[in-house]
Amino acid sequence: APERFKVRGSDIAISSWPGRKFDNNYTLNTVDICPVGALTSKDFRFQMRVWFLKETKSLCTSCATGCNIVIGSREGKIYRYEPRENDAVNACWMCDYGRLNYKWIGRTDRVAEVRSPKSEARSQSDGWAAVLKELSERLKQAPAGSVAVIASARQTNEELYLLAKLAKTLGALTDSVPRVGEGDRLLLNADRNPNSTGARWTGIAAHPIGANLPKIAEGIRSGRIKSLFVVGEDVTRHGLSAEVLGKLELLIVSDILPNETTRLAHYLLPGCAHAEKRG
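A brief structural summary. Please read these numbers as outputs of a predicted model, since none were measured by experiment. (Residues numbered from 1 in each chain as written. Predicted model: local features only at pLDDT ≥ 70, side-chain atom pairs only at ≥ 80, totals over all residues. Heavy atoms only, no water.)

Moving on, we get to the sheet that holds strand β5 (residues 173-175). Across the sheet, which stays open at both edges, the five strands sit in the order β5-β4-β6-β7-β8 with parallel pairing between neighbours. Sheet topology places β5 and β8 (267-270) at the edges, where each strand pairs with a single neighbour. Sheet twist, expressed as the mean angle between neighbouring strand axes with direction ignored, is 10 degrees. Note that strand β4 (residues 147-151) and β5 share three bridges and pair parallel. By the bridge assignment for β5, Val149 is matched with Thr174. Its contacts with the sheet put helix α3 (residues 127-140) on β7 (250-255) and β8, and the angle it makes with β8 is roughly 130 degrees. Of the strands in this sheet, β4, β5 and β6 (227-231) touch helix α4 (residues 157-170), which is tilted by about 170 degrees from β4. (Pairing = 2+ DSSP bridges. Helix = DSSP H or I, 4+ residues; strand = E, 2+ residues; numbered from the N terminus. Axes fitted to C-alpha atoms, helices over the stretch in contact; angles between N-to-C directions. Contact = heavy atoms within 4.5 Å.)

In structure tokens form, the structure reads like this:
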């Protein structure tokens with residue numbers, strides 16, 4: 001028999017093309033297209049039976065491409081991302097970088113409780129209502145131009161719109177944090193913020209994004225900016241050191257995971273991941 005037929009039988013192995021290593025940012029797409037389930041993902045294998053999963057339509061938030069995805073979850077825990085077909089964006093593919101970027105959502109050290117200077121004097125049950133009332137009163141008394149807002153370009157359009165509305169009322173200087181990586185001209189965008197466009201269109205982000213961050217830092221140093229509202233960013237990694245933040249009279253932070261900025265916050269508000277909210 002010809003040489004090409006000698007692979008048939010009980011000893012068959014899957015391999016890559018001779019001399020070439022199958023190692024790139026799109027390897028896990030083979031799991032999606034395998035017709036018999038022989039190729040599986042080590043990230044998901046034996047974690048959960050697929051028929052138990054709740055499938056929710058969503059978007060990948062790992063970069064600006066906005067690949068359409070399906071989130072597989074059960075009882076509030078996310079087990080996997082899969083691409084959802086949309087020929088206008090990602091067809092039926094997604095990169096491994098985005099596919100595997102979900103485990104942080106289920107971290108056990110997430111910010112879970114409202115914190116304020118009076119936290120120990122009140123019960124957790126009335127924490128949100130009391131803190132929001134306090135913040136409302138304090139911001140109403142803030143002189144125009146004495147407040148700044150730094151909102152992540154990973155927030156939804158609705159959140160950015162409301163923050164922009166608040167900033168306009170307070171006469172606040174605003175901006176977002178730029179986040180850049182290496183793109184591949186396929187699905188992985190060099191802009192690692194999923195919503196830079198929304199941040200610009202709502203007026204939160206400067207042009208270019210991040211241009212106002214040094215101005216905010218200088219305003220805090222000079223004493224002109226006395227209050228700062230940070231949403232979804234660790235600004236100590238982007239030019240606003242702990243020393244700078246220590247000069248503020250009021251630091252309000254809303255975030256998901258603990259970091260240096262949440263540690264320094266006077267008021268800390270737990271945030272929601274993209275898979276836990278609509279927008």
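Now that the structure is up, let's keep going.
The next subject is unusual backbone geometry. Look at the link from His207 to Pro208: it is a cis peptide, with omega at 0 degrees. Relative to the helices and strands, Pro208 resides in the loop between α5 (196-201) and α6 (213-222). In this model, Phe46 sits at a positive phi of 70 degrees, which is unusual for a non-glycine residue. Among the structural elements, Phe46 can be located in the loop between α1 (29-33) and β1 (54-59). You can call Phe46 exposed: its relative accessible area is 79%. (Buried < 20%, exposed > 50% of the residue type's maximum accessible area, 1.4 Å probe, protein only.)

A few words on the pairing of β4. Taken across its five residues, β4 has five buried, putting it largely inside the fold. Pairing of β4 with β6, which is carried by five bridges, proceeds in the parallel orientation. Within β6, the position partnered with Ala148 by the bridge is Leu228. In this fold, the crossover linking β4 to β5 by way of α4 has right-handed handedness. (Right-handed = clockwise from strand over helix to strand, strands pointing away.)

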